[in-house]
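Architecture at a glance
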Amino acid sequence: MRLIKPFAGLLLLLSLSLPAYALSLNEAMSALGDAKSSGQLGEQPNGYLGVVKPGGQADEIAKLINAARRAEYQKLAQQNGIQLTDVETIAGQKAIDKTPSGQYIQQQGQWRRK
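Residues numbered from 1 in each chain as written. Predicted model: local features only at pLDDT ≥ 70, side-chain atom pairs only at ≥ 80, totals over all residues. Heavy atoms only, no water.

1. Notes on the pairing of strand E4 (residues 110-113)
Here strand E3 (residues 104-107) pairs with E4 via four bridges, running antiparallel. Counted as the bridge partner of Ile 105 is Arg 112 from E4. If you look at the hairpin formed by E3 and E4, you'll find two residues sitting between the two strands, and Gln 108 has a positive phi there, around 50 degrees. (Pairing = 2+ DSSP bridges. Helix = DSSP H or I, 4+ residues; strand = E, 2+ residues; numbered from the N terminus.)

Quick look at the structure:
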């Protein structure tokens, strides 16, 4: 019983401190260039970022930026009276076209350097 209270207190402290380490969208956007140039993230034909090499904050960066992209794509689809998938496909092609040489893109389900 004596170990339960300190352990519960430590667990509570850890659970409260974890959100402080989460990235904001602005931080994710600032980190995106480095994550892409280091080969952790790449552009997919569906208009979203994909994790090429897991590690660091790649998952969190992709999650935050993809959520923002999805919101923007939905807004564009509504404004233009088209399907979300059409906006995603167009955005994906534009992102792949704009990707600099040496960074990763996904083609036919496989990651490759552009």
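2. Brief notes about the side chain of Gln 106
By the secondary structure assignment, Gln 106 is in strand E3. If we ignore the near neighbours within four places in the chain, the residues touching Gln 106 are Glu 43, Gln 44, Pro 45, Ile 96 and Trp 111. (Contact = heavy atoms within 4.5 Å.)

3. A closer look at the packing of helix H2 (residues 25-37) against helix H3 (residues 58-80)
Each packed pair of helices is defined by two parameters, the angle between the axes and the distance between the axes. At a minimum axis distance of 9 Å, the contact between H2 and H3 shows a crossing angle of 115 degrees. Accordingly, the angle class assigned to the pair H2 and H3 is roughly perpendicular. Our pair here, H2 against H3, has a crossing hand that is left-handed. Along the contact surface, H2 presents Leu 25, Ala 28, Met 29, Ala 31, Leu 32 and Ala 35, while H3 presents Ile 61, Leu 64, Ile 65 and Ala 68. Among the residues making up the contact of H2 with H3, the classes are represented as ten nonpolar, no polar and no charged. (Axes fitted to C-alpha atoms, helices over the stretch in contact; angles between N-to-C directions. Parallel < 35°, antiparallel > 145°, perpendicular 65-115°, else oblique. Left-handed = near helix turned anticlockwise from the far one by under 90°. Nonpolar A, V, L, I, M, F, W, Y, C, P; charged D, E, K, R; others polar.)

4. Re the pattern of salt bridges
If you walk through the whole model with that rule in mind, you get five salt bridges. Glu 43 is the partner of Arg 69 in a salt bridge, and the nearest nitrogen-oxygen pair spans 2.9 Å. With Arg 69 in helix H3 and Glu 43 in strand E1 (residues 41-43), the pair connects residues that are 26 residues apart, well separated along the chain. Of the two residues examined, Arg 69 and Glu 43, each falls in the buried class. Salt bridges sharing common partners tie together Lys 36, Glu 43 and Arg 69. (Salt bridge = Lys/Arg side-chain N within 4 Å of Asp/Glu carboxyl O. Buried < 20%, exposed > 50% of the residue type's maximum accessible area, 1.4 Å probe, protein only.)

5. Concerning the environment of Asp 97
Position of Asp 97 among the secondary structure elements: in helix H4 (residues 84-98). In this structure the C-alpha to C-alpha distance between Asp 97 and Glu 43, which are 54 residues apart in sequence, comes to 9.7 Å. A distance of 2.8 Å separates the side chain of Asp 97 from the side chain of Gln 93, its partner in a polar contact. (Polar contact = N/O pair within 3.5 Å; in protein donor to acceptor, adjacent residues only side chain to side chain.)

6. Overview of H4
For H4, built from 15 residues, the straight-helix expectation of 21 Å at 1.5 Å per residue is met to within 8% by its first-to-last C-alpha distance of 21 Å. Buried within H4 we find Val 87, Glu 88, Ala 91, Gly 92, Ala 95 and Ile 96. The arc enclosing the buried residues of H4, seen along the axis, measures out at 160 degrees, which places them on a common side. On its buried face, H4 is in contact with E1, H3 and E3. (Expected span 1.5 Å × (residues − 1). Arc of directions from axis to C-beta.)

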